[in-house]
Amino acid sequence: ALTQRYILTLLFFETNEFNTWDVCADLNTNDDVDECENVEEDDTRRFLSQTSECDWYGITCDVDGSIVSIDLSDNGLRNTIPPEIGQLSSLQHLTLRKNRLSSTLPTTIGLLTNLETLNLNNNRIEGPMPTEIGSMTKLQILDVGKNDMDGPMSPEMFTSSNLEHLDLSGNDFVGPLPTEMFTSTINLVFVDLTGNPIGGSIPTELKYLTQLTSLEMGSADLTGTLPGEIFQTTDIVTSNRVTSMLETLSLEGNSLNGSLPEELFNVATSLRILDLGINDFTGELSENAGNLLQLEQLLLWYNNFDGSIPSTLGSLTLLEIMSLDNNQFNGTMPPEVCNLVTSASNSGGGDAGSLIFLASDCKDDDEEDNMPFVECSCCHSCQ
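Residues numbered from 1 in each chain as written. Predicted model: local features only at pLDDT ≥ 70, side-chain atom pairs only at ≥ 80, totals over all residues. Heavy atoms only, no water.

### Description of the overall build of the chain
- The secondary structure content of the chain amounts to 4 helices and 25 strands.
- The principal-axis extent of the C-alpha atoms belonging to the chain is close to 75 × 50 × 40 Å.
- In the chain, which comprises 383 residues, the share counted as buried stands at 47%.
- Nonlocal contacts in the chain, meaning residues at least 24 apart in sequence, comprise 54% of its contacts between residues at least 6 apart.
- Counting only carbon and sulfur atoms, one obtains 44% of the accessible surface of the chain, whose full area is about 16800 Å².
- Charge centroids of the chain, computed over 14 positive and 59 negative side chains, lie 8 Å from each other. (Helix = DSSP H or I, 4+ residues; strand = E, 2+ residues; numbered from the N terminus. Buried < 20%, exposed > 50% of the residue type's maximum accessible area, 1.4 Å probe, protein only. Contact = heavy atoms within 4.5 Å. Areas by Shrake-Rupley, 256 points an atom, 1.4 Å probe, with all protein chains shown as cover. Lys, Arg positive; Asp, Glu negative; His and termini not counted. Charge placed at Lys NZ, Arg CZ, Asp CG, Glu CD.)

Here you go:
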């Protein structure tokens, strides 16, 4: 108990150098009114109080008095995480998101072999991911999004077969994605790599992530086509096909090209959000897009799709947002789609449908007579 109390004291002094803690700081270092002022016997919750450290704000202990959770989110922490934190051998959850922590992660973090949650989202942490993280085989949530980290997407990030939630967004990690992502961490449910310069093409091995419900890789310098194989989810052990569970696919802001694969519309029928905006996709939009009956958002803006808009999109009765603008579509917006905006008729008088925003290239510009034009009486936005 003395050791863990000492480590918490180090954590406090290291991250409160300028008296920036918002909640339950030591009375000697922060005289501002905070949450502790409104809690009965509030002084017991303050860091450095004479009571057990298990009673301090954001600290949870097990029945044996060992610290199992630290949650000091959005509390004004600055500077670095002290390396001594690696001695908290019973720690299962470390959540320090929405602070101003900086410098690099201590390599001793790899000593936390019982850790299940590491959430450092929205700080100012720099440098590469310590390779020692590969020792954390119980890790279920790894969230270091919105930091200043860099370096390779190392295999050590993908050693825990228990990993379900991976958020590396808003950093400068570079690709390629390591093979271990598709062989070890095959139970991933949520993956967000947005804003990292991963580069290269989308790996077809993503099909082995059979539990994946959300894949976000926007602004990741991706090139090439969208491979249909990634929607044909396959058990890596038995090689048997399994039903795709993908609900969110966001690839906005890359340099992807070519036509969309039919597997997207025929296999990934659980999709709720499909964001392929700001790419270089071409070709006509398949009639089979009407198979995505769970779809709530369809974002295809700023591509080079052409041809007519398929009437089968009118089958998407859960659709709330559809952006088709800044493409090469032509013809007339199908009445089946307009019925999603106004369920009775395009001229009003009926109940509002599910579609609250519809955009297409329907701006009538006499100076650009040669430009593709979509006649649309129900669009909310015309480009």
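### Concerning the nonpolar core
- Ile-70, Leu-118, Met-333 and Leu-358 are the most contacted members of the largest nonpolar core, which has 101 residues in total.
- Sorting the residues of this core by element identifies α1 (2-15), β1 (59-61), β2 (67-71), α2 (180-183), α3 (262-266) and α4 (335-341) as the ones contributing at least two each. (Core = buried A, V, L, I, M, F, W, Y, C linked by side-chain atoms within 4.5 Å.)

### Quick look at the sheet that holds strand β9 (residues 148-152)
- Taken together, 3 strands build an open sheet; the order of strands is β7-β9-β11 and the sheet is parallel. Both outer strands of the open sheet, β7 (126-127) and β11 (172-174), are each paired with one neighbouring strand and no more. (Pairing = 2+ DSSP bridges.)

### Some points on empty space enclosed by the protein
- In total, this model carries 2 cavities of 30 Å³ or more according to the counting rule given.
- If you add up the space inside the largest cavity, you get close to 100 Å³.
- Leu-206, Leu-209, Thr-210, Leu-212, Leu-215, Ile-230, Phe-231, Thr-233, Ser-244, Met-245 and Leu-246 together form the lining of the largest cavity.
- When grouped by side-chain class, the residues that make up the lining of the largest cavity number 8 nonpolar, 3 polar and no charged.
- In this model, the second largest cavity occupies a volume close to 30 Å³.
- Along the walls of the second largest cavity sit Ile-133, Met-136, Leu-139, Glu-156, Met-157, Phe-158, Thr-159, Ser-160 and Leu-163, which together make up its complete lining. (1 Å grid on protein atoms, 1.4 Å probe; cavity = no way out; pocket = protein on both sides within 12 Å on 5 of 7 lines; lining within 4 Å. Points joined across faces, edges and corners; volume = space filled by probe spheres on them. Nonpolar A, V, L, I, M, F, W, Y, C, P; charged D, E, K, R; others polar.)

### What about the sheet that holds strand β20 (residues 304-308)?
- As summarised here, the arrangement of the 6 strands in space is β14-β16-β18-β20-β22-β24, forming an open sheet in which the pairing is parallel. Each having just a single partner strand, β14 (223-224) and β24 (374-375) make up the two edges of the open sheet.
- One ladder, built from 3 bridges, connects β20 with strand β22 (residues 328-332); its direction is parallel. What sits directly across from Asp-306, in β22, is Gln-328.

### Quick look at the confidence of the model for the chain
- In this model, the chain carries an average pLDDT of 90, and 90% of its residues clear a pLDDT of 70 or more.
- With pLDDT under 50 throughout, residues 344-350 is counted as low confidence; its partners more than four residues away or in other chains account for 9 contacts. (pLDDT = per-residue confidence, 0-100.)

### Regarding the state of the cysteines
- Evaluated as defined, the whole model comprises 4 disulfides.
- Bridging Cys-54 to Cys-61, the disulfide has an S-S length of 2.1 Å. Handedness here is read from the sign of the S-S torsion; for Cys-54 and Cys-61, about -95 degrees, the answer is left-handed.
- Of the residues examined, Cys-54 reaches a relative accessible area of 22% and is grouped as partly exposed. (Disulfide = S-S within 2.5 Å.)

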